[in-house]
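So you can see what is in the structure, the chains are spelled out below.
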Amino acid sequence: MAAISSRAFMCVVAIFTLVFAIMSLYVEAQSAAPAPSPTSDGTSIDQGIAYVLMLVALVLTYLIHPLDASSYRFF
């Protein structure tokens, strides 16, 4: 097997680099598409969380209230 001289190797690398540099000028990357707008803003999510928290507070109130009311005698 014949050994390639360093001068020939450098010539091949220089040609490859030159071709690559010229071709890279003509390659255009596609621009990224803009991100889609969100389907809901944060207010609807916040409102849903608020309704769940109010429902939890209502359930807890009705669970705790009979314990407090048992000590009172209205009649």
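The structure this text deals with has already been given above.
None of these values were measured; they are calculated from a predicted model.

Below, the discussion takes up the overall build of the protein. Looking only at helices and strands, the protein features 2 helices and 0 strands. In the protein, which comprises 75 residues, the proportion classed as buried is 0%. Roughly 7800 Å² of accessible area belongs to the protein as shown, and the carbon and sulfur atoms make up 72% of that amount.

We now examine a nonpolar patch on the surface. On the surface, V52, L55, V56, L58, V59, L60, Y62, L63 and I64 cluster together into a nonpolar patch covering about 890 Å² of accessible area. Along the polypeptide, I64 turns up in helix 2 (residues 42–69). Residue class for I64 comes out partly exposed when judged on its relative accessible area of 47%.

Definitions and cut-offs
- Per chain, residue numbering runs from 1 following the sequence as it is written.
- Only residues with pLDDT of at least 70 get local features here, since the model is predicted, and only at 80 or more are side-chain atom pairs given and counted; chain-wide, interface and lining totals rely on the full set of residues.
- Here the side-chain values reflect all heavy atoms present in the structure, with hydrogen atoms and water set aside.
- In this description a helix means any DSSP run of H or I spanning at least four residues, a strand means any run of E spanning at least two, and both kinds are numbered starting from the N terminus.
- Relative accessible area decides the class of each residue, using a 1.4 Å probe on protein chains only: under 20% of the type maximum gives buried, over 50% gives exposed, and in between gives partly exposed.
- Working definition of accessibility: Shrake-Rupley area with a 1.4 Å probe, residue cover restricted to the visible protein chains.
- Each patch groups residues whose relative accessible area exceeds 30% and which form no salt bridge, using 9 Å between like charges and 5 Å between nonpolar side chains of Val, Leu, Ile, Met, Phe, Trp and Tyr.
- Here, a salt bridge means any side-chain nitrogen of Lys or Arg that lies within 4 Å of a carboxyl oxygen of Asp or Glu.

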